[in-house]
Amino acid sequence: MPDTLPPDSVGIVESKSMHFDKPLQLECGKTLPEYDIAYETYGELNDSGSNAILICHALSGDQHAAGYHSMEDRKPGWWESSIGPGKPIDTRRFFVVSMNNLGGCKGSSGPNTKRPGTDKYWGPDFPIVTVKDWVNSQQRLMQVLGIEHWLAIIGGSLGGMQVMQWSIDYPDAIRHAIVIAASPKLTAQNIAFNEVARQAIMSDPDFNHGHYLEKNTIPRRGLMLARMLGHITYLSDDSMREKFGRELREGKLNFGFDVEFQVESYLRYQGHTFVERFDANTYLLMTKTLDYFDPARDHGDDLATALSSATANFMVISFTSDWRFSPQRSREIVKALIKAKKQVSYVEVEAQHGHDAFLMPIPHYMNVFHNYMQNVSGEIE
Amino acid sequence: MRADLAIIADWIRPGSSILDMGCGDGTLLKYLRDNSEVNGIGLEIDAQKIEHCVLDRISVIQADLNDGLEQYFSDSSFDYVVMGQTLQAMDRADILVEEMLRVGKQGIITFPNMAYWKGRLQLGILGLMPVTKSLPNHWFDTPNIHLCTLRDFEALCKQKSINILERTVVDHTHSKSTLLMRLFPNLFGEIAIYRFCRNGVQISG
């Protein structure tokens, strides 16, 4: 809890919500008859509407990307390192919009909200949404907010996938696409990790086939395991060694199965806090969204063809120690963009933080990001 | 702008596409973009130079040339592939020259000539590894691991069925050639500049 807010923070922010009556056709064939989108905004939209930036969140992110909800908040939004006055996404120049994706658990319609016209939670019956569906829903909020085009759309990880989808589906609505620590599709290994996470959740006795809210239970153990597994894949071997080594909590071996090594304690803590803030059905759904993402699929498995409709300028960034979405995956994106004759720059940041590096203020990363966004701000009319 | 870059810029047709391997802070690409509507991409490994390119709105890719071009570029992606003063520091210069002509129709290369007379004197008479203005490093700290002469490079081209389209030599200040340099390029040329293509490839302009 900060006594005073840092001067480079957007400060106290609030989440808003927008209701949509118009049904949304989903890729799975189902339709969402009506839905809500929770979102936050930072900065001011200018008169010409030319300074709007969309932030897309990753698996466990939400609309709260920057600032604090109150002075009692322990932590700021998830991308405080990059959003705020003087930061790469400078809120003195840009109007920043950040939404909670459909199927999320922070106010947008999702498994933990009530099904329209009933008193029951959606639970496991919330339809599986895809990145394409998210982009369509984001485009609707964009219209309601009176934004004609995004000066830039920016996202890391699953967020970067949304950026790519935007550039393909709404080429005229996006000038700059900033794709960070992303992948053109998941590898078998990625899907395997997601499957273990899902199995952990679904095999928890408190899961109750997804109807746990009605039964007043929470699949804590399963969700905690899923998060612990996920967390290992977000860090690198080096960063774990540096952070924890083989340090023992009590300084000696106890020859038992309680927490002994610091890394065990850390993972359990991460798992526990995650259960308090996240919904298990949302976790299942978001991992599926990840697994399904593959824009090349409809174009003969050729990513360059898939990206041929794009008109945005691309900035692709990866991190050397990221093994969840390794630099090789970003290079595939870059190669496809070059083949499709798009404007693209690519930076491979030397970092030992693993996949999580995209949230860290690493100097080279921040300098590149800052320089790029400075040019972007030059295009504000 | 460095004079060798000015010569290269003269060789590049306006409106064409180029790949600059080892583009540094993007000087050549910026010049070509602003003066002859050339659409280019640079490859660079140095973090600070990359940041500079990004600020100058140069399309740049952070990559190690020793890893090759396969992971970024399909065949025949560019009209020109340029490599200025970098060939001699590469792990496999021969493979890279081939790669240049895989992804581009023409290649343009500059490198320090190891047979420059001052170097010959130092090695031949004094028995010392040459240190000249175009090769300022000592043997123990030089990044230049594959130095060659004009004749060496031309022999490699012949072996690989590469057609040399244009050649010029300049001194270390990269200013215009003297008569001696033109008559005896392998002896008086300090820096060599070549433009080349695959044998049988039709080059217009």
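Everything below is about the structure printed above this text.
The structure displayed is predicted, hence computed values, not measured ones.

Visitor: Tell me about the interface of chain B and chain A, and please be specific about residues and values.
Guide: Taken together, the contact pairs 20 residues of chain B with 23 residues of chain A. Both sides together, the interface formed by chain B and chain A hides about 1,900 Å², and carbon and sulfur atoms give 47% of it. Of all residues in chain B, Glu-51, Gln-62 and Tyr-72 of chain B bury the most surface against chain A, accounting for 30% of the area lost on that side. One salt bridge connects Lys-335 of chain A with Glu-70 of chain B, and the closest N-O pair in it is separated by 3.5 Å. The tally of links between chain B and chain A comes to 18 residue pairs in polar contact (both at pLDDT 80 or more). Breaking the side of chain B that touches chain A down by element, the ones donating at least two residues are strand E2 (39-44), helix H3 (47-55) and strand E3 (59-62) of chain B. No other element matches H3 of chain B, which puts five residues into the side of chain B that touches chain A.

Visitor: Report on the side chain of Thr-149 of chain B, specifying residues and quantitative values.
Guide: Residues and elements named next belong to chain B. Inspection of the secondary structure puts Thr-149 in the loop between helix H5 (117-126) and helix H6 (150-159). A distance of 3.3 Å separates a polar side-chain atom of Thr-149 from the backbone nitrogen of Arg-151. Among the polar contacts made by the side chain of Thr-149, one reaches the main-chain amide nitrogen of Asp-152 at a distance of 3.0 Å. Discounting residues that sit within four places of it in the chain, Thr-149 has contacts with Phe-111, Asn-113, Met-114, Ala-115 and Asn-186.

Visitor: Tell me about the packing of aromatic side chains, and name the residues and values.
Guide: For the structure on display, the rule yields 25 aromatic pairs over all chains. For the ring pair Trp-79 of chain A and Phe-369 of chain A, a centre distance of 5.9 Å and an interplane angle of 35° mean the geometry is tilted. Residue Trp-79 of chain A is located in the loop between strand E5 (52-56) and strand E6 (95-99), and its partner Phe-369 of chain A is located in helix H10 (residues 363-377); the two are separated by 290 residues in the primary sequence. For Trp-79 of chain A, a relative accessible area of 0% corresponds to the buried category. Judged by centre distance (5.2 Å) and plane angle (50°), the rings of Phe-111 of chain B and Phe-153 of chain B are tilted. With Phe-111 of chain B in strand E5 (residues 104-112) and Phe-153 of chain B in helix H6, this pair connects stretches of sequence that are 42 residues apart. This pair shows no difference in class: Phe-111 of chain B is buried, exactly as Phe-153 of chain B is. Grouping aromatic residues by their ring pairs yields a cluster made of Trp-78, Trp-79, Phe-319, Phe-358, Tyr-365 and Phe-369 of chain A.

The rules we used
- What you see as residue numbers is a count from 1 along each chain, following the sequence as written.
- Lettering for chains starts from A, numbering for ligands starts from 1, and both go in the order in which the items are written.
- For this predicted model, a pLDDT threshold of at least 70 governs which residues receive local features, and a threshold of 80 or more governs which side-chain atom pairs are given and counted, while totals over whole chains, interfaces and linings are taken from all residues.
- Values reported for side chains reflect all heavy atoms of the structure, with hydrogen atoms and water molecules removed beforehand.
- By the convention used here, residues are in contact when the closest approach between their heavy atoms is within 4.5 Å.
- Buried surface area refers to the total accessible area, computed with a probe of radius 1.4 Å, that the two partners give up upon joining, counted for both partners together.
- A side-chain nitrogen of Lys or Arg and a carboxyl oxygen of Asp or Glu constitute a salt bridge if their distance falls within 4 Å.
- Polar contacts, as used here, are pairs of N or O atoms within 3.5 Å; protein pairs need one atom able to donate a hydrogen and one able to accept it. Residues neighboring in sequence count only if both atoms are side-chain atoms.
- Labels follow the DSSP assignment, with helices taken as runs of H or I lasting at least four residues and strands as runs of E lasting at least two, numbered in each case from the N terminus.
- Stacked, tilted and edge-to-face pairs are distinguished by plane angle, under 30 degrees for stacked and over 60 for edge-to-face with tilted covering the rest, among Phe, Tyr and Trp rings (Trp via its six-membered ring) whose centres lie within 6.5 Å.
- Throughout, exposure labels follow a simple rule: accessible area from a 1.4 Å probe, protein chains only, divided by the maximum for the residue type, with under 20% read as buried, over 50% as exposed, and the rest as partly exposed.

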